[in-house]
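Descriptive structure summary
Next come the chains, spelled out residue by residue.
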Amino acid sequence: MSALMSLFAALVERLAELLQPLFATTATAAAIVLFTALVRLAVHPLSRAAARGQKARTRIAPQLAALRKKHAKNPERLKKAILDLHAKEKVSPFAGIMPSLLQAPAFLLMYHLFAGDRMAGHALFAAPLGDRWADALSHGGAFGPAGQVYLVLFALVTVVAAFGYRHTRRQLAAQPLDLGQSTPGAGAVTKVMPLLSFATLITVAVVPLAAALYVVTSTAWTVVERAFLFRTPVAGAPGDGVATRA
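Criteria and cut-off values
- Residues numbered from 1 in each chain as written.
- Predicted model: local features only at pLDDT ≥ 70, side-chain atom pairs only at ≥ 80, totals over all residues.
- Heavy atoms only, no water.
- Helix = DSSP H or I, 4+ residues; strand = E, 2+ residues; numbered from the N terminus.
- Buried < 20%, exposed > 50% of the residue type's maximum accessible area, 1.4 Å probe, protein only.
- Polar contact = N/O pair within 3.5 Å; in protein donor to acceptor, adjacent residues only side chain to side chain.
- Contact = heavy atoms within 4.5 Å.
- Axes fitted to C-alpha atoms, helices over the stretch in contact; angles between N-to-C directions.
- Parallel < 35°, antiparallel > 145°, perpendicular 65-115°, else oblique.
- Left-handed = near helix turned anticlockwise from the far one by under 90°.
- Phe/Tyr/Trp six-rings, centres within 6.5 Å; stacked < 30°, edge-to-face > 60°.

1. Things to note about the side chain of Ser218
- For Ser218, the location among the structural elements is in helix H10 (residues 209-229).
- With relative accessibility at 9%, the residue Ser218 sits in the buried group.
- A polar contact of 2.8 Å, which involves the side chain of Ser218, links it to the side chain of Arg40.
- For Ser218, the residues in contact, after removing those within four places along its chain, are Thr36 and Arg40.

See below:
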C-alpha cells in the first residue's frame, strides 16, 4: 500500500508540474481534481458493469417478488426457485456488486493519499490543502480568505447533492429497490438513500482540503455517471436485457 501511495503521490506531483503554467500556486489543487477524474475514467468500465448488473436485477425483481410470495412458507423451495431463476435469466446474484467492490481499493488509496500530509505546503488560493474547515474558521472566520474557499466548495457540493437527490428519487420511483418483503427497515432504506447525497457536506467540513477536493470531484463524477448510465442504454452481455449502444 505504501508503494502505491508513493506512486499516486508522484503522479499527482508530476501533474502539478505540468499544470503549473496554467494554475500557478493552485496547480496542486488542480492536479488533485484532474488525477481523481483520470482514475474515475479508468474504472468507468467497472461502473458500466455495475450498472448492467443493477438493471438485470431490476428486470427480474417482479419475478423474485412472485417467488417470495409463492414460497413464503418454504425457505428451501424459495432458495432453489431463486437460484433457478438466476440461472434461467443468466443473471448472477452478485451482478453489479463485484464491479463496485473492485473499485473500492483505488478510491480508498486516493482518500488516504489526500487525507494525509503528502499535500501539505500547497494551497487552493488562501486555503492550505493540509488544513480543515475548522482551521479556516479560526483564521479569518467563515468569510475570511480561506473560509470563502470552503463556502464555494459547500455551494458546489449542495448543487451536486441536490442533483443526485432528484435523480435517485426518480430512479427509485421508476425502479424500486427489491429488498425482499421480510427485510427489516426496507421502507426506511428507500427514504434515506436519496438523502445520502448530502452526506458529502459533512465529509468536506471535517477532512483536509486536499481530501475534500478528491471527495467533491469523485462525488460529482458519480452523480453525473449514474445519471448517464441509468438513462442511456449500456452495452450489455447476453441475457442482461439491456440494449447495446456504442
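2. Thoughts on unusual backbone geometry
- Phi at Ala24 is positive, roughly 55°, even though this residue is not glycine.
- Here Ala24 shows up in the loop between helix H1 (2-23) and helix H2 (27-42).
- Judged by its relative accessible area of 38%, Ala24 falls in the partly exposed class.
- The backbone phi angle of Phe125 is positive, close to 60°, even though this residue is not glycine.
- With respect to the helices and strands, Phe125 occurs in the loop between strand E1 (123-124) and strand E2 (127-128).

3. Notes on the packing of helix H3 (residues 44-70) against helix H4 (residues 75-89)
- Remark: H3 packs on H4, axes separated minimally by 10 Å, with the N-to-C direction vectors making an angle of 160°. Judged on the interaxial angle alone, H4 and H3 are roughly antiparallel. Like other packed secondary-structure pairs, H3 and H4 cross with a definite hand, here right-handed. Residues Arg59, Ile60, Gln63, Leu64, Leu67 and Arg68 of H3 form the contact with H4, whose participating residues are Leu78, Ala81, Ile82, Leu85, His86 and Glu89.

4. Thoughts on the packing of aromatic side chains
- In the structure shown here, the tally under the stated rule is five aromatic pairs.
- Taking 5.3 Å as the distance between ring centres and 75° as the angle between the ring planes, the aromatic pair formed by Phe8 and Phe35 counts as edge-to-face. Of this pair, Phe8 sits in helix H1 while Phe35 sits in helix H2, placing them 27 residues apart in sequence.
- For Phe8, a relative accessible area of 12% translates into the label buried.
- Given a relative accessible area of 6%, Phe35 falls into the buried group.
- Arranged with centres 6.0 Å apart and planes meeting at 55°, the rings of Tyr165 and Phe198 form a pair that is tilted. One end of the pair, Tyr165, is in helix H7 (residues 145-174); the other, Phe198, is in the loop between helix H8 (186-192) and helix H9 (199-206), with 33 residues separating them in the sequence.
- For Tyr165, a relative accessible area of 24% corresponds to the partly exposed category.

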